[in-house]
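# Structural features, examined
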Amino acid sequence: MREREREREREREGMGGHNGGDEEAPLPLFETEVSKGKLAYRVYAVTVLIGICSIWVYRSINIPTAEEHGRWAWIGMFMAELWFGFYWIITLSVRWNVTHRYPFKDRLINRYGDKLPAVDVYVCTADPRIEPPTMVISTVLSVMSYNYPPDRLSIYLSDDGGSEFTFYALLEASRFSKHWIPFCKKFSVEPRSPAAYFAQNSNPKDITVPKEWLDIKKLYEDMKCRIESVIEKGGTSKDIRDQHKGFLEWNSEVMKQDHQSIVQILIDGRNPDAVDDDGHKLPTLVYLAREKRPQFPHNFKAGSMNSLIRVSAEISNAPIILNVDCDMYSNNSDAIKEALCFFMDKERGHKISYVQYPQSYDNITKNDIYSNAVSAIHKIELAGIDGWDAALFCGTGCFHRRDSLCGLKFSKNYRGELNSQCNITKDSSVHDLERGSKVLASCSYEKGTQWGKVMGLMYMCLVEDTITGLTIQCRGWKPVYYNPERKAFLGVAPNTLDISLVQHKRWCEGMFHIFLSKYCPFTYAYGKIKLGAQMGYCLYLLWAPNSFALLYYLIIPSICLLRSIPLFPEVSSLWFLPFAYVYAARNACSIAEALACGDTLKAWWNSQRMWLFRRTTSYLFAFIDTVSRQLGFSQSAFSITAKVVDDNVLARYEEGTMEFGTSSLMFTVIATLALLNLFGFGGGILKIIWGYGFAEGLTVQIGLCLVVVMINLPVYQALFLRDDNGRIPSSVMFKSLFVEFAAVLILAVLSSLQQEVLGIRFVIDREECFSHNVEYARDTIHFAFVVIKSEGAWHYSPDGVDLVVKGPSGEQIHDFHDKTSEKFQFVAQKNGLHRFCFTNKSPYHETIDFDVHEAHFTYHDEHAKDEHLKPLLEQIARIEEALYNIQFEQHWLEAQTDQQAIVNEGMSRRAIHKVLYQSAALTGAGVLQVYLLRRLFERKLGMSRV
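Summarised in this report is the structure supplied together with it.

Rules used in this analysis
The numbering scheme is per chain: residues are counted from 1 as the chain's sequence reads. Local features in this predicted model are restricted to residues whose pLDDT is 70 or higher, and side-chain atom pairs enter the listing and the counts only when it is 80 or higher, whereas totals over whole chains, interfaces and linings include all residues. Processing note: side-chain calculations cover all non-hydrogen atoms of the structure and skip hydrogens and water entirely. Each helix is a run of H or I in the DSSP string that is no shorter than four residues. Each strand is a run of E no shorter than two, and both are numbered from the N terminus. Residue exposure (1.4 Å probe, protein chains only): buried if accessible area is under 20% of the type maximum, exposed if over 50%, otherwise partly exposed. Note on terminology: disulfide denotes any pair of cysteine sulfur atoms within 2.5 Å. Contacts are assigned to residue pairs with any non-hydrogen atoms lying within 4.5 Å of each other. Here the rule is simple: two strands pair whenever DSSP picks up at least two bridges between them. Only C-alpha atoms enter the line fits that serve as axes; for helices the fit covers just the stretch in contact. Angles between N-to-C directions range over 0 to 180 degrees.

### Comments concerning unusual backbone geometry
A cis amide bond, omega -5°, links glutamate 190 with the succeeding residue proline 191. Along the polypeptide, proline 191 turns up in the loop between helix H6 (164-187) and helix H7 (194-200). Phi is positive for serine 371, which is not a glycine, with a value near 50°. With respect to the element layout, serine 371 can be found in the loop between strand S10 (360-361) and helix H12 (375-386). Exposure remark for serine 371: the relative accessible area of 8% places this residue in the buried category. With phi around 50°, aspartate 818 is a residue other than glycine that occupies positive phi space.

Next comes the structure, spelled out in structure tokens:
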């Protein structure tokens, strides 16, 4: 259908394309089409949102009370599900309005003919050990061979490693290009990377002239052997150094992080002698190694790109810039023309800042073991962001308008005419251009300028591409995301798990840094780009905090399953339906997207595994490193993804076997979570078999553990079954077991500290009875009581109270007489209500503190029946029991202390009263004595007078 529509458009172009000066109704150079199925997806989204809200309601109205087990675990699940729901709402933005772009390059050629703009192509490399020079020059040769006028094409290689090996390889490529470019154009070769082409075509059956094919292949292999031989020797010989003046730049003082600017124009496109074997011009080819000094920050790839922008402005100054990584070779020789359809459209072209192609790979296996293709992201999510007139700048495979990249703000008056010649200074010699460019590539050039702040790529961020794209859009420009049927660029995907996780950690770290900075889309881009675009950016900027909600969901349900604490509704409950629907609907949609994007069902399953691994390792460590850097505890570090591995690793990758092989901390986390859920699942199954501690509410937790166990099958194989070098080292397994033991122990301690022994304080007149429901037979019942005080302040008697303990059938278990305090324990022979009856024989009311605690330890019972279970859980159960006993003893001692305090207070009060009474009596006696003596003296005095 699409092809027929394009054919009709071509017919219309034939009638109206050559309109000369007639500008009445020029046909657009590209069209925009909204993806089908939008209404169906929105209906699905509404139903899932209802399910998510139902889950939130269930969590909020069923929060356990403070006395119930698992209260904080439940609240944590609620918080995790709130985050999952919020993040899912964010994902709606990239699927709400998926848009596809279709350029018409035939219209472009018919309309502009030979008036196409000049294009500068940047290829960036950083380390010849990780990025082999032979791979780098294959990428360079692929972009030199575009179906584009060579006099308007300039290629720049930025070598941030400052390696003479890379320079020598580029020198060899400049010579080989004289043969390779005419060969490609003569036979319409695709792809035009010699390494990729000869790897895909091992015989010349598709070439009409086998001799030319064999000749060019031999030239390529000879060149490759010469480069590899020089690298193997560790230096260039005098004969090689005499071949070009550029080798004079390298001496004993040149080091990777300490060298001067090096700019060498290997092919001058202005030179009439710079032609290929067919006499056609060759594109300009420039080598650049910007100056690096230890005392100056070099700002990683962003600094390299900004140096390229300045140097290319001095030499060619093309209005369009293409940047690619050294491993991303061109897979479509017409990619430039397709991109120009967006820039040169009459109606919308002047608004477009950059055209981003997806980052695709040529070494993806059938089932994509490490989920490198991320097809749903490229075909759905990034296209969905484009539906909001936005696009992420991904750092490679991107065509830029030089004006927008150099900090220019878009205005309604801007037209940005591109159909002009290269702006090369004809009177400048190669020597002058090189000398002037060295100044532009010096360390001190940017000091006091806006480079890295407004102009060029932004600094101070590991994902300089994403933040640069955001700032460009906030200046009023409109980018475009274009995903053609034939991939425009193909690179090398990580072929080990460690490399893949490290790569995602770097991406995630930079993304989260943007969110925490002033460039957060919700604040910096507010009012400048659409809300849907802001949400689309944050879908990736919030990768890092996603790790905590998922980690909680992987750890706590397993722990609570082992402790028989249900965190989900029973399967028979209606509240189970929202959980089941959201889980099933989300996975069904994910599978449908994967199949629609061309993935296999197994590839989808592998993507779920990698989604789990990345969120629990890469994103977690990215969060920690980002926060640490924000607090000033660390500095940014840029890690380059390795592009080469040994043959055994490559063979396992092609077989679809997951590669571990190192003692990475990330593997320790993965193994720990895998073992924890394996133990949790095993414990849940044993509960079902034996019937101890199993409740219907635990079914969902058992199912959750089962899913995690199935996802982690390659981890168990690498831990216990494999014996190749790609297995998980034993040290990782031991560390995982230790970490798991420590984590489970801490959680058990914290959980047990939150649980209180049942204790009451009551006043008894004659008789009071209390009941306690024992849920499990053979449980140990601890109880204690203390007579705190009596009603009368003057009453104190050593006589206590009587207590009779009876079982569910009324049988007497134990009795106590005249006790003021006692603690005791017994084993309940039956489950059911046990009665505790107190009798007060004193005429006074008594206050009694009474505690009862039922010790039920599932692990203890299970281990008594199965000797193969790990002793780890036994130790945890014993520690937990000891903690309960400590609580019980503490409560009993507190009651004893209260009793003694009351007794002491009563004795003190009685002593005070006694002293007061004695003082009053003595005072009265003294007064009486004085009175009597006075009367006596008066009578005697009276008698003496008589």
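Next comes the rest of the description.
### A look at the state of the cysteines
What the rule picks out here adds up to one disulfide. Each sulfur in the disulfide pair cysteine 769 and cysteine 837 lies 2.2 Å from the other. For the disulfide bridge between cysteine 769 and cysteine 837, the dihedral angle about the S-S bond is near 115°, and by the sign convention the bridge is right-handed. Within this pair, whereas cysteine 769 is found in strand S15 (residues 767-774), its partner cysteine 837 is found in strand S20 (residues 832-839), the two being separated by 68 residues in sequence.

### Looking at the side chain of asparagine 306
Following the sequence through the fold, asparagine 306 ends up in helix H10 (residues 300-315). Looking at asparagine 306, the relative accessible area reads 0%, which means it is buried. Asparagine 306 has contacts with Glu446, Trp451, Gly452, Met455, Gly456, Leu457 and Tyr459, leaving out every residue within four places of it along the chain.

### Describing the sheet that holds S15
Overall, antiparallel pairing links the four strands, which are arranged S15-S20-S17-S18 in an open sheet. Looking at which strands have only one partner, the edges of the open sheet turn out to be S15 and strand S18 (812-819). In this sheet, neighbouring strand axes are inclined to one another by 15° on average, regardless of whether the strands run parallel or antiparallel. With five bridges joining them, strand S17 (residues 801-806) and S20 adopt antiparallel strand pairing. Pairing of aspartate 802 across the sheet is with threonine 839, part of S20.

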